[in-house]
Every structure is written in structure tokens, then in C-alpha cells.
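# Fold and contact review
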Amino acid sequence: MSALAQEYNAINLAQGFPNFHIDVQLQNALVAAANSNAHQYAPMAGLAELREEIVRLVARQYHRNITLNDILITAGATQAIFTTIQALVHSGDEVLILDPSYDCYESPVILSGAKPIRLPLKFDFKPNWDLINSKVSTKTRLLLINNPHNPSGTIWDEADFIALEKLMAAHPQLLLLSDEVYEFIAFEEHQSIHQRSALRDRAIIISSFGKTFHITGWKIGYLVCPPEIMVEIQKVHQFLVFSVNSIAQLALASYLKEIDINKLKIFYQEKRDFFRAQLESSRFELYPAQGSYFQLASYAHISDEPDTDFCIRLTKENGVAAIPLSVFNANGEDRKLVRFCYAKTNETLQLALDRLCKI
Ligand code: PMP
């Protein structure tokens, strides 16, 4: 969709990346790091300075005490997910993925010789626990969850965590991969697996500085997991990337000391409200947007064509690119929904809104 957006000079609300400038403080931290002597390999697990800041962050946000050894700095969440799956999942295992799902989950499962089992979320994009329970067997090695959720923007309820705790208690071989890359972009209370003592010792929790600080191009994130799992994950990490960009790590370590991470949700909430307020008067029907920087909208009142065709036409004829939701579903289910990314300047959003409100 991004290539098509470029070809037709459309406003790109498709791919999930911000188009505004990064915080000058972070830019300055990067310059300072580049001017320092941080140009050689960082330690495999990541710079101690950065991991110390993550220890503090997790303690502040979630009241959980972790140690430096529980953290691995990765080349973005994508590498964290790939590495985790390669390390923990083997031929003959099954991995549960909840659809609609982000596209980097399934391929590493297939590459490791295991079987991805893709299960639809409920109509409201919350987990269907009856279905999940019915699909877990002794072969199931990993359950992959994503909260706040891309593409739907939903956030789990307490009842979901309780259901998950029951499931994990009933299946001692099962591990949990919790993709929390949008943990700081939550407009309702986001509970992290860090806060669930019954789950966190069997979980790999993944975050992305790309999402948190509008630096998707830096490709840097981290995972947190218990030591016995970390040993296995590091065996893969060592030969996949060995260690992550030293300058980016140093810059983030000093930036994390200076900022209030909780301001991020206020920043995005303003964008969400700005985008929604005008789109509400259009013929699109809006879904709730509780977290992440995506807004789902139904175009059922506009057209009954397949969502992929609609998105191509929207790009070519109306000059706005969005993502059709069916591409996130293994079964191709098409509910006439599109995903807009509102991590854009207000000027870009306004231009897109002017076009969308005319349809
Ligand atoms: N998980 C989800 C749910 C995402 O939306 C993304 C990025 N679009 C990632 C993981 C990958 O993050 P990163 O850019 O840090 O690799």
C-alpha cells in the first residue's frame, strides 16, 4: 500500500510509522552518543546503561523488580519475536496466533518447523477463550498475544487476563509471548504481563523503542524474560545479530533518564481525538480506539466491494492509503474494515480528513 500511495501521490495512512520529527532532546542525545566513544560492539545483552534504565522503567510503570540479566536489547520487536520463536519452538510444536494478527508472527513459526494455528478473535477483537482453550494440546508450545492490539486498537479487560491465567495454569508446557510494543500508547488502562505474577515467569514480554519514541527506523527494542528462557534466546541472538547498534543504545539510555514516558499517551490521544472528531461526520463508521495508533473504520455504508479493492480505489481515486483488514486474517475474513494510522502531523491528518469526508 505504501508503494501504491507513492505511485499515486496519496496520503499514506497505511503503514504504521510516524511522519513527525523526533523529540529534539532525543536527537541531541543521539548526537552526544555519536560524539562519544561508543562505536564498538556493545555487550551481547545490550549496554548496561540502557538495561539499567529499563529496570527503572519497569519498576516505575508496573511495580515489578527485574534485573539486568532479565533484559535483552534487540534490533526492534521484529527481531525479538523472531529470536524468541526460533529459540523456543521446535519441529512438531504448535503455536497459537490470534487473528487479525501482525504479519511477523507466522513466518518464524513455519521456519522453525512448527505449525502456526491461527484463531480468530471475537467480533469485538477480544480473545475467544472458549476457542483458544479448545485448541490447546500437549503440542502447544507458545501462545502469542498482542495488547494493545494492532490492527484493531483494542485493550484487554481484566476478564481476559483471568482467562489467560486459567489457561496457563492448566497447561504447564505452554509459554507466553506478549507483544506489548504499544504499551505506552494506551488511552484506557493497559495492564502489562509484567503486572501478572501468575504469568510473567512463563512469559517473554516484548517492547519497541521504535513505537515509543517515533524512531521506527532505528530498529531497537527489548525483551524481558526469566533466566532459564533467556539462556535459550541468547543462543539464537548471538548468531543472528550478536549485539545491537551501540550509538542508539547510549542515546536511549540518556534520554530515558530525562523524560516522562507517560506524556506519550497524551500526545497520541490528542491525535486520535482530532482524527476521530472529523471522521465521525463522514460515511465511515468508527470502531473504538483504546490503544496503539490505529483507527479501524467500516466502509460498509460506502461500498460492498472487497476490502483490498476498496483500499486500492481509495488510494488511486481519493488519494488516501489505508490497510484492508482481511490481510491480517489467515482465513481472509473481510468485514469491510480498513485501518488508518493516525501517527501523522495534524496537517497530514487534515489533508486526509478533507478527502475522506468527501467520499
Ligand atoms: N509488533 C507489532 C504489533 C507491531 O505493530 C510492530 C510494528 N509495526 C512490531 C511488532 C515490530 O516492531 P519493530 O519495528 O520494533 O520491529
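Residues numbered from 1 in each chain as written. Predicted model: local features only at pLDDT ≥ 70, side-chain atom pairs only at ≥ 80, totals over all residues. Heavy atoms only, no water.

### A few points about the overall build of the chain
Helix and strand content of the chain: 13 helices and 13 strands. Rg of the C-alpha trace for the chain: 20 Å, near the compact-globule value of 21 Å for 359 residues, within the 12% margin. Each of the three principal axes of the chain carries a C-alpha extent, and together these read 55 × 55 × 35 Å. Out of the 359 residues in the chain, the part that is buried amounts to 58%. Looking at the chain alone, contacts between residues at least 24 apart form 74% of all its contacts between residues at least 6 apart. With an accessible surface of roughly 14,900 Å², the chain has 51% of that area assigned to carbon and sulfur atoms. One way to put it: in the chain the 33 positive side-chain charges average out to a point 1 Å from where the 40 negative ones average out. (Helix = DSSP H or I, 4+ residues; strand = E, 2+ residues; numbered from the N terminus. Rg over C-alpha atoms; globule rule 2.2 N^0.38 Å. Buried < 20%, exposed > 50% of the residue type's maximum accessible area, 1.4 Å probe, protein only. Contact = heavy atoms within 4.5 Å. Areas by Shrake-Rupley, 256 points an atom, 1.4 Å probe, with all protein chains shown as cover. Lys, Arg positive; Asp, Glu negative; His and termini not counted. Charge placed at Lys NZ, Arg CZ, Asp CG, Glu CD.)

### So, the sheet that holds strand E5 (residues 140-146)
On the basis of which strands lie adjacent, the open sheet formed by 7 strands has the order E2-E8-E7-E6-E5-E3-E4 and mixed pairing. The strands lining the two open edges of the sheet, one partner per strand, are strand E2 (71-74) and strand E4 (115-120). Within the sheet, the average angular offset between the axes of one strand and its neighbour, ignoring direction, is 20°. Sheet topology places strand E7 (residues 203-208) next to strand E8 (residues 221-224); 4 bridges connect them, and they run antiparallel. What sits directly across from Ser-207, in E8, is Tyr-222. (Pairing = 2+ DSSP bridges. Axes fitted to C-alpha atoms, helices over the stretch in contact; angles between N-to-C directions.)

### Observations concerning the sheet that holds strand E9 (residues 285-286)
With respect to topology, 4 strands assemble into an open sheet ordered E9-E10-E13-E12, the strand pairing being antiparallel. The sheet terminates laterally at E9 and strand E12 (323-324), the two strands that pair on one side only. Pairing geometry for E9 and strand E10 (residues 294-298), over 2 bridges, is antiparallel. From the neighbouring strand, Glu-285 faces E10, where its bridge partner is Ser-298.

### With respect to the packing of helix H11 (residues 263-279) against helix H13 (residues 346-356)
Packing of H11 against H13 brings their axes to within 10 Å, and their N-to-C directions diverge by 15°. On the basis of their axis angle, the class for H11 and H13 is roughly parallel. Handedness of the crossing formed by H11 with H13: right-handed. For the pair formed by H11 and H13, the contact residues are Lys-271, Phe-274, Phe-275, Gln-278 and Leu-279 on the first element and Asn-346, Leu-349, Gln-350, Leu-353 and Leu-356 on the second. In the contact of H11 with H13, the residues fall into 6 nonpolar, 3 polar and 1 charged. (Parallel < 35°, antiparallel > 145°, perpendicular 65-115°, else oblique. Left-handed = near helix turned anticlockwise from the far one by under 90°. Nonpolar A, V, L, I, M, F, W, Y, C, P; charged D, E, K, R; others polar.)

### Examining the domain arrangement of the chain
Here the chain is partitioned into domain 1 (2-21 + 262-356) and domain 2 (24-258). Between the C-alpha centres of domain 1 and domain 2 the distance comes to 26 Å. Taken together, the contacts link 29 residues of domain 1 with 29 residues of domain 2. Overall, the association of domain 1 and domain 2 removes approximately 2,500 Å² of surface from exposure, summing both partners, and the carbon and sulfur fraction of that is 57%. If you sort the residues of domain 1 by the area they bury against domain 2, Leu-264, Gln-290 and Phe-328 come out on top, with a joint share of 27%. One can count 0 salt bridges joining domain 1 with domain 2. (Domains from an automatic or database assignment. Buried area = accessible area lost by both parts, 1.4 Å probe. Salt bridge = Lys/Arg side-chain N within 4 Å of Asp/Glu carboxyl O.)

### Topic: H13
Those residues of H13 that fall on the buried side of the exposure criterion are Thr-348, Leu-349, Ala-352, Leu-353 and Leu-356. Down the axis of H13, the smallest arc covering the buried residues is 130°, so these residues share one side. For H13, the secondary structure elements touched by its buried residues are strand E1 (11-12), H11, helix H12 (307-318), strand E11 (320-321) and strand E13 (337-341). (Arc of directions from axis to C-beta.)

### Observations regarding the pattern of salt bridges
Counted under the stated rule, the structure contains 13 salt bridges. Between Glu-317 and Arg-313 there is a salt bridge, with the nearest N and O atoms lying 3.3 Å from each other. Taken together, the positions of Glu-317 and Arg-313, both in helix H12 and 4 residues apart, correspond to about one turn of that helix. Taken together, the shared-partner salt bridges connect Glu-53, Arg-56 and Lys-257 into one network.

### Let's talk about the environment of Gly-332
Relative to the helices and strands, Gly-332 resides in the loop between E12 and E13. It is 9.4 Å that separates the C-alpha atoms of Gly-332 and Pro-100, two residues lying 232 residues apart in sequence.

### Regarding the site of the ligand
Around the ligand there are 13 residues in total, and Thr-78, Asp-179, Tyr-182, Lys-211 and Lys-219 lie nearest to it. In the model, an oxygen atom of the ligand is placed 2.8 Å from a nitrogen or oxygen of the Ala-77 main chain. Contact distances for the ligand include 2.8 Å between a nitrogen atom and a side-chain N or O atom of Lys-211. For the ligand, the protein covers 93% of the area, taking 400 Å² as the surface of the free molecule. (Near = heavy atom within 4 Å. Polar contact = N/O pair within 3.5 Å; in protein donor to acceptor, adjacent residues only side chain to side chain.)

### A few points about the packing of aromatic side chains
Overall, the coordinates contain 20 aromatic pairs when judged by the stated rule. Ring centres of Phe-209 and Tyr-222 lie 5.2 Å apart, and the angle between their planes is 45°; on these two criteria the pair is classed as tilted. Of this pair, Phe-209 sits in helix H8 (residues 209-212) while Tyr-222 is found in strand E8, placing the two residues 13 residues apart along the sequence. Each member of the pair Phe-209 and Tyr-222 is classed as buried. (Phe/Tyr/Trp six-rings, centres within 6.5 Å; stacked < 30°, edge-to-face > 60°.)

### Looking at the nonpolar core
Among the nonpolar cores identified, the biggest contains 90 residues, and Leu-50, Phe-209, Phe-213, Phe-284 and Phe-340 are the most heavily contacted of them. Taken domain by domain, this core gets at least three of its residues from each of domain 1 (2-21 + 262-356) and domain 2 (24-258). Discounting residues that sit within four places of it in the chain, Phe-340 has contacts with Leu-13, Phe-275, Leu-279, Phe-284, Tyr-293, Phe-294, Gln-295, Ala-297, Leu-314, Val-320, Ala-322 and Leu-356. Counting 33 residues, the second largest nonpolar core, distinct from the first, contains Ala-10, Ile-117, Trp-129 and Ile-323. (Core = buried A, V, L, I, M, F, W, Y, C linked by side-chain atoms within 4.5 Å.)

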